[in-house]
Amino acid sequence: TLYKNFSINNEVEFTVEANPETLTKNKIKVLKKMGVNRLSIGLQAYDDKLLKVLGRIHDVKRFEKAYFEARETGFENINVDIIFGIPGQNPDILKEDIRTAFENGATQISTYPFIDFTFASNSYKPLPEKYKKKMLGEINRFAALNGYVRTSVWTFSRPRTIKYSSITRENF
C-alpha cells in the first residue's frame with residue numbers, strides 16, 4: 001500500500017517499530033525485502049523482573065533473539081527503546097542497560113520515563129518526577145562520557161547516526 005500511494009526510493013529512511021515478542025525471523029525478512037532500513041525494537045529493560053513490572057509480554061531472551069535475527073538479516077540501523085524510572089530500577093541498572101544495548105550494536109537508544117496510563121493493568125505507580133529527572137541526568141552524563149550524542153530529549157546515538165525520533169522531525 002505504501003509503495004502504491006507514495007514515492008519511496010532507496011534514499012528514504014523507512015523505520016518500523018517492533019515488539020520483541022511478535023518480531024519473528026520471517027517478519028524481519030519481509031520488512032527487509034520491503035525496503036525497511038531501520039528497526040526500533042521495544043526492549044524497555046534488560047531485566048525480566050522490570051519487564052514484569054511494566055506488564056511486558058516478552059522477556060530479555062526473546063528480545064535478544066529478535067535483535068540478533070535482525071542483525072543477521074542485514075539491519076545495520078537499530079534503535080532500542082529503554083524505559084527509565086521503573087519502580088525497582090536504579091541509575092546503575094539503567095546505565096548497564098544502555099551500555100549493554102550499545103555494546104550489542106544498537107545505533108541509537110530512545111529512553112522514555114515510566115508513565116502510568118489509566119488503562120494500563122499494572123499495580124505500579126510512576127516514581128516522582130524529581131527522581132525521573134535525576135535518572136535522565138544520569139543517562140545524559142553516562143552518554144556524554146561514553147561518546148554518545150544526545151539527539152532529542154530522550155534519544156542518544158552513536159556519532160553520525162541518522163536521527164530517529166518524531167520530536168526531532170521538522171514537521172513535528
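Our structure's up above, just so we're on the same page.
Conventions and cut-offs
Numbers given for residues are sequential positions, taken from 1 along each chain in its written order. pLDDT decides what is reported in this predicted model: residues at 70 or higher carry local features, side-chain atom pairs at 80 or more are listed and counted, and totals for whole chains, interfaces and linings draw on all residues regardless. Side-chain measures here rest on the full set of heavy atoms in the structure, leaving out hydrogens and waters. Counting from the N terminus, the helices are the DSSP runs of H or I reaching at least four residues and the strands are the DSSP runs of E reaching at least two. For each residue, the accessible area found with a 1.4 Å probe, counting protein chains only, is set against the maximum for its type, and the residue is called buried under 20%, exposed over 50%, and partly exposed in between. Whether two residues are in contact is decided by their heavy atoms: any pair within 4.5 Å suffices. Only the protein chains shown count as covering a residue, and every accessible area follows the Shrake-Rupley method with a 1.4 Å probe. As used in this structure description, the phrase polar contact means that two N or O atoms lie within 3.5 Å; if the pair is within protein, one of them must be able to donate a hydrogen and the other to accept it, and residues adjacent in sequence are counted only when both atoms belong to side chains. Note on pairing: two strands pair once DSSP finds at least 2 bridges between them. Every axis corresponds to a line fitted to the C-alpha atoms, with the helix fit spanning only the stretch in contact, and the corresponding angles, defined between N-to-C directions, vary from 0 to 180 degrees. Roughly parallel means an angle under 35 degrees; roughly antiparallel means over 145; roughly perpendicular covers 65 to 115; every other angle is labelled oblique. Put simply, a crossing is left-handed when the front helix is turned counterclockwise from the back one by less than a right angle, and right-handed when it is turned clockwise. All residues other than Ala, Val, Leu, Ile, Met, Phe, Trp, Tyr, Cys, Pro, Asp, Glu, Lys and Arg, Gly among them, are scored as polar; the first ten of these are nonpolar and the last four charged. The working definition used for a salt bridge is a side-chain nitrogen of Lys or Arg within 4 Å of a carboxyl oxygen of Asp or Glu. Crossovers are marked right-handed if the path from the first strand over the helix to the second runs clockwise, as seen with the strands pointing away from the viewer. What a helix should span is 1.5 Å times the count of its residues minus one.

A word on the overall build of the chain
- For the chain, the helix and strand inventory stands at six helices and six strands.
- Helices (α) and strands (β) of the chain occur, in sequence order from the N terminus, as α-β-α-β-α-α-β-α-β-α-β-β.
- Across the 172 residues in the chain, those meeting the buried criterion constitute 44%.
- Within the chain, counting contacts between residues at least 6 apart in sequence, those at least 24 apart form 65% of the total.
- Summed over all atoms, the accessible surface of the chain reaches about 10,100 Å², with 53% contributed by carbon and sulfur.

Quick look at the side chain of Thr111
- Inspection of the secondary structure assignment puts Thr111 in strand β4 (residues 108-113).
- Judged by its relative accessible area of 0%, Thr111 is buried.
- Reaching out from Thr111, the side chain makes a polar contact with the backbone oxygen of Trp154 at a distance of 2.7 Å.
- Residues within four places of Thr111 in sequence aside, it is in contact with Ile82, Phe84, Ile98, Leu136, Ile139, Trp154 and Phe156.

What about the pairing of strand β3 (residues 77-84)?
- By the criterion of burial, β3 is predominantly enclosed, with eight of the eight residues buried.
- Neither face of β3 is exposed, since Asn77, Asn79, Asp81 and Ile83 on one face and Ile78, Val80, Ile82 and Phe84 on the opposite face are all buried.
- In this sheet, β3 lies alongside strand β2 (residues 38-44) in parallel orientation, the contact comprising five bridges. Counted as the bridge partner of Ser40 is Asn79 from β3.
- Pairing analysis gives six bridges linking β3 to β4, with the strands arranged parallel. Each residue of the ladder has a partner; that of Ile82, found in β4, is Thr111.

Let's talk about the packing of helix α5 (residues 91-103) against helix α6 (residues 129-145)
- Where α5 contacts α6, the axes come no closer than 10 Å and their chain directions differ by 40°. The orientation of α5 with respect to α6, classified from their angle, is oblique. As α5 packs across α6, the resulting crossing turns out to be right-handed. Residue-level inspection shows Pro91, Leu94, Lys95, Ile98 and Arg99 of α5 in contact with α6, the latter providing Tyr131, Met135, Glu138, Ile139 and Phe142.
- For the contact of α5 with α6, a count of residues per class yields seven nonpolar, no polar and three charged.

Points about the pattern of salt bridges
- Taken as a whole, this structure holds seven salt bridges when the rule is applied.
- Residue Glu138 is joined to Arg141 by a salt bridge in which the shortest nitrogen-to-oxygen separation is 3.7 Å. With Glu138 and Arg141 both in helix α6 and three residues apart, the pair spans about one turn of that helix.
- For Glu138, a relative accessible area of 18% puts it in the buried group.
- Each member of the salt-bridge network shares a partner with another, and the members are Asp92, Lys95, Glu138 and Arg141.

Some words on the pairing of β2
- Of all seven residues making up β2, seven are buried, and the element is well covered by its neighbours.
- Side-chain alternation along β2 places Arg38, Ser40, Gly42 and Gln44 on one buried face and Leu39, Ile41 and Leu43 on a second face that is also buried.
- Where strand β1 (residues 15-18) and β2 come together, four bridges link them in parallel fashion. Looking at the pairing, Ala18 lines up with Ile41 of β2.
- Between the parallel pair β1 and β2, the chain is carried across by helix α2 (residues 25-33), and the sense of this crossover is right-handed.

Examining α5
- Along its 13 residues, α5 runs 18 Å from first to last C-alpha, staying within 8% of the 18 Å computed at 1.5 Å per residue.
- For α5, the complete set of buried residues consists of Pro91, Leu94, Asp97, Ile98, Thr100, Ala101 and Phe102.
- Against β3, β4, α6 and β6 (155-157) lie the buried residues of α5.
- Capping of α5 at its N-terminal end is provided by Asn90; its side-chain oxygen lies 2.9 Å from the backbone amide nitrogen of Asp92.
- Taken from the residues just after α5, Gly105 is the one with a positive phi, measuring 110°.

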